[in-house]
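The chain contents come next:
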Amino acid sequence: MSGHGAEGYRKMIDTSAAGRVGTTDEAATAAAFLLGPDAAFVTGTTCSSTA
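1. Looking at the overall build of the protein
Moving on, step 1. Each helix and strand counted, the protein has two helices and zero strands in total.
Moving on, step 2. Entry remark: accessible area of the protein is about 4500 Å², with carbon and sulfur atoms responsible for 57%.

2. So, a nonpolar patch on the surface
Moving on, step 1. Together, Phe 33, Leu 34 and Val 42 line one region of the surface with nonpolar side chains, adding up to about 230 Å² of accessible area.
Moving on, step 2. Given the relative accessible area of 33%, Leu 34 is considered partly exposed.

3. Details of the environment of Leu 34
Moving on, step 1. Relative to the assigned elements, Leu 34 resides in helix 2 (residues 24-35).
Moving on, step 2. Taking C-alpha positions, Leu 34 is 9.7 Å from Gly 44, a pair spaced ten residues apart along the chain.

Rules of the game
- Residues numbered from 1 in each chain as written.
- Predicted model: local features only at pLDDT ≥ 70, side-chain atom pairs only at ≥ 80, totals over all residues.
- Heavy atoms only, no water.
- Helix = DSSP H or I, 4+ residues; strand = E, 2+ residues; numbered from the N terminus.
- Areas by Shrake-Rupley, 256 points an atom, 1.4 Å probe, with all protein chains shown as cover.
- Patch = residues over 30% accessible without salt bridge, like charges linked within 9 Å, V, L, I, M, F, W, Y side chains within 5 Å.
- Salt bridge = Lys/Arg side-chain N within 4 Å of Asp/Glu carboxyl O.
- Buried < 20%, exposed > 50% of the residue type's maximum accessible area, 1.4 Å probe, protein only.

See the structure below:
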């Protein structure tokens with residue numbers, strides 16, 4: 001990984017619980033959950049996605 005912001009991105013990955021970048025399917029599943037009725041009790045969260 002190289003380029004602008006690569007060091008910060010690598011640091012984010014290394015300190016995440018999964019230790020890896022999420023897949024597009026995982027990001028879509030998280031979005032579907034947060035937009036659906038099962039997330040009615042969720043009042044705030046941070047989900048990052050970089051395409």
